[in-house]
Amino acid sequence: MGVETDYYAVLGLSRNATDIDIKKAYRKLALKYHPDNNTDEAARGSFASVCEAYDVLSEPTRKGFYDLYGESALKKGLPDGQGGRKGGDYSFDAATAPQHMFAKFFGTSNPYEALNELAAQYESLSSPHKLKPGKHKTYTVAVSLEEVYHGCTKKVQHTRKVLQASGGLQTVDSELVIDVRAGLPNGTRFVFEGEGNQTPTTEPGPVIFVLQTLDHECFGRQGADLLYTATIPLHQALCGANVTVDMLDGRTLTVPVTDIVTSGQTITVPNEGLPKLKGGKGDLIVKFDVLFPSALSEAQRMLLKAAFFLPQHLSNEQAKAVKAFERAFRDKHGGWSTAFPKADTH
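Reading guide: rules and limits
Residues numbered from 1 in each chain as written. Predicted model: local features only at pLDDT ≥ 70, side-chain atom pairs only at ≥ 80, totals over all residues. Heavy atoms only, no water. Helix = DSSP H or I, 4+ residues; strand = E, 2+ residues; numbered from the N terminus. Rg over C-alpha atoms; globule rule 2.2 N^0.38 Å. Contact = heavy atoms within 4.5 Å. Areas by Shrake-Rupley, 256 points an atom, 1.4 Å probe, with all protein chains shown as cover. Lys, Arg positive; Asp, Glu negative; His and termini not counted. Charge placed at Lys NZ, Arg CZ, Asp CG, Glu CD. Pairing = 2+ DSSP bridges. Phe/Tyr/Trp six-rings, centres within 6.5 Å; stacked < 30°, edge-to-face > 60°. Buried < 20%, exposed > 50% of the residue type's maximum accessible area, 1.4 Å probe, protein only. Axes fitted to C-alpha atoms, helices over the stretch in contact; angles between N-to-C directions. Parallel < 35°, antiparallel > 145°, perpendicular 65-115°, else oblique. Left-handed = near helix turned anticlockwise from the far one by under 90°. Nonpolar A, V, L, I, M, F, W, Y, C, P; charged D, E, K, R; others polar. Salt bridge = Lys/Arg side-chain N within 4 Å of Asp/Glu carboxyl O. UniProt positions renumbered as here; feature names shortened; annotations may be inferred.

- The name given to the chain in an unreviewed UniProt entry is J domain-containing protein, and the organism recorded there is [Myrmecia] bisecta.

## So, the overall build of the chain
And then number 1: Assigned secondary structure in the chain consists of eleven helices and 15 strands.
And then number 2: The C-alpha atoms of the chain give a radius of gyration of 34 Å, which is well past the 20 Å a tight globule of 346 residues would have.
And then number 3: When its C-alpha atoms are laid out on the principal axes, the chain stretches across 100 × 80 × 35 Å.
And then number 4: In the chain, 53% of the contacts between residues at least 6 apart in sequence involve partners at least 24 apart.
And then number 5: Carbon and sulfur atoms form 52% of the exposed surface of the chain, whose accessible area is close to 22,100 Å².
And then number 6: Taken as two groups, the 38 positive and 40 negative side-chain charges of the chain have centres that lie 1 Å from each other.

## Considering the pairing of strand 15 (residues 284-291)
And then number 1: Bridging between strand 11 (residues 225-233) and strand 15 involves eight bridges; their strand directions are parallel. Following the sheet pairing, Tyr228 is matched in strand 15 by Val286.

## What about unusual backbone geometry?
And then number 1: Of note in the backbone geometry, Asn271 takes a positive phi value of approximately 60 degrees without being a glycine.
And then number 2: Along the chain, Asn271 falls in the loop between strand 14 (266-269) and strand 15.

## A look at the packing of aromatic side chains
And then number 1: What the rule picks out here adds up to eleven aromatic pairs.
And then number 2: Taking 4.9 Å as the distance between ring centres and 75 degrees as the angle between the ring planes, the aromatic pair formed by Tyr26 and Phe105 counts as edge-to-face. Of the two residues, Tyr26 sits in helix 2 (residues 19-33) while Phe105 sits in helix 6 (residues 97-106), which places them 79 residues apart along the sequence.
And then number 3: The buried category is assigned to Tyr26, whose relative accessible area is 0%.

## With respect to the packing of helix 3 (residues 41-57) against helix 6
And then number 1: Relative orientation of the contacting elements helix 3 and helix 6 amounts to 60 degrees, with a least axis distance of 9 Å. On the basis of their axis angle, the class for helix 3 and helix 6 is oblique. In terms of crossing hand, the pair formed by helix 3 and helix 6 is left-handed. Of the residues in helix 6, those in contact with Phe47, Ala48, Cys51, Tyr54 and Asp55 of helix 3 are Pro98, Gln99, Met101, Phe102 and Phe105.
And then number 2: Each residue belonging to the contact of helix 3 with helix 6 can be placed in one class, and the counts come to eight nonpolar, one polar and one charged.

## A short note on the pattern of salt bridges
And then number 1: Here the structure, examined in full by the defined rule, presents ten salt bridges.
And then number 2: Lys23 is the salt-bridge partner of Asp19, the closest N and O atoms lying 2.8 Å from each other. Here Asp19 pairs with Lys23, and both are found in helix 2, just four residues apart, close to one helical turn.
And then number 3: Given a relative accessible area of 30%, Lys23 falls into the partly exposed group.
And then number 4: Residue Glu71 pairs with Lys75 through a salt bridge whose shortest N-O separation is 2.9 Å. You can see Glu71 and its partner Lys75 sitting in helix 5 (residues 71-76), four residues apart, about one turn around the helix.
And then number 5: Among the charged side chains, a salt-bridge network with shared partners connects Arg15, Lys63 and Asp67.

## Quick look at the packing of helix 3 against helix 4 (residues 60-69)
And then number 1: Axis separation between helix 3 and helix 4 bottoms out at 6 Å; the angle between their running directions is 100 degrees. If you check the angle between helix 3 and helix 4, you find them roughly perpendicular. Contacts between helix 3 and helix 4 involve Asp55, Val56 and Leu57 from the former and Arg62, Lys63 and Tyr66 from the latter.
And then number 2: The residue inventory of the contact of helix 3 with helix 4, partitioned by class, reads three nonpolar, no polar and three charged.

## Points about the UniProt feature "domain: J" (unreviewed entry) in the chain
And then number 1: Sequence positions flagged by UniProt for "domain: J" (unreviewed entry) are, in local numbering, residues 6-70.
And then number 2: End C-alpha to end C-alpha, residues 6-70 measures 8 Å, and it is 71% helix and 0% strand.

Shown next as structure tokens:
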């Protein structure tokens, strides 16, 4: 038998907690652990546990059954003494139910709006004439991959409404400066407090810019790693080659391909990705796309078969034939080895 969950302990309450106590505890802990408000890995699990505890203790019939028989009986049931079972009809979907419960309780799924609303209610009780905080506004600040690599300063034009002494509203333009440090991840938030619209009943709220890396013609981004697709012809995939990559800092990086590679295969080059905030760099991940020829002549088919069926130990006559082929292949005037890298691959 597993350990029974103490829903009262989850909410930090004693067994004699009232309905008001349960609501207060849920309000406090749900805002504390909401995933949008708390990025700690453990917060998501705590948020689900708090919501489940409130779901059980806020419904009188369910709470009464739990108080008498515990969590296991609530979820799995127990014998009723007449050949049947009672209870066992409760379940809680930790993936979706917490968000639905939060939205139902607070009237919004956004924890920031919930906090603003609570703050407004408190202020209205303690200081009826104090202005309500304004809503926050969120925008996207787009940066190139080069700007993420080197770091940059972005200046954005911002327009907002400001309350005048006469009571009217005036539109004001301003310039906000965003410091993008090298390697900042997508989704980084830049918050400018008090830069939102002002009205006769609200103070200006915050303006939030969210970092979004633009698509790059050569690289993809995966955290601090750079993703690069190298398209090579079949003969290079089989025989080896040097793949050159023009990096974001202007260098040309040479990646040797010494083993046979197939489409979808990757090679990782350490420390050639984007800067990391705590020092060092991510990796460059080279993914291969192998081009196959669309047609082969009979001579090419024959030569390919000859290569694949060449014995490991050659007889004298076979060795002579290979040397003769090699001389013809490498001949400066009539050979075709120098033209091989430029051969038709489509």
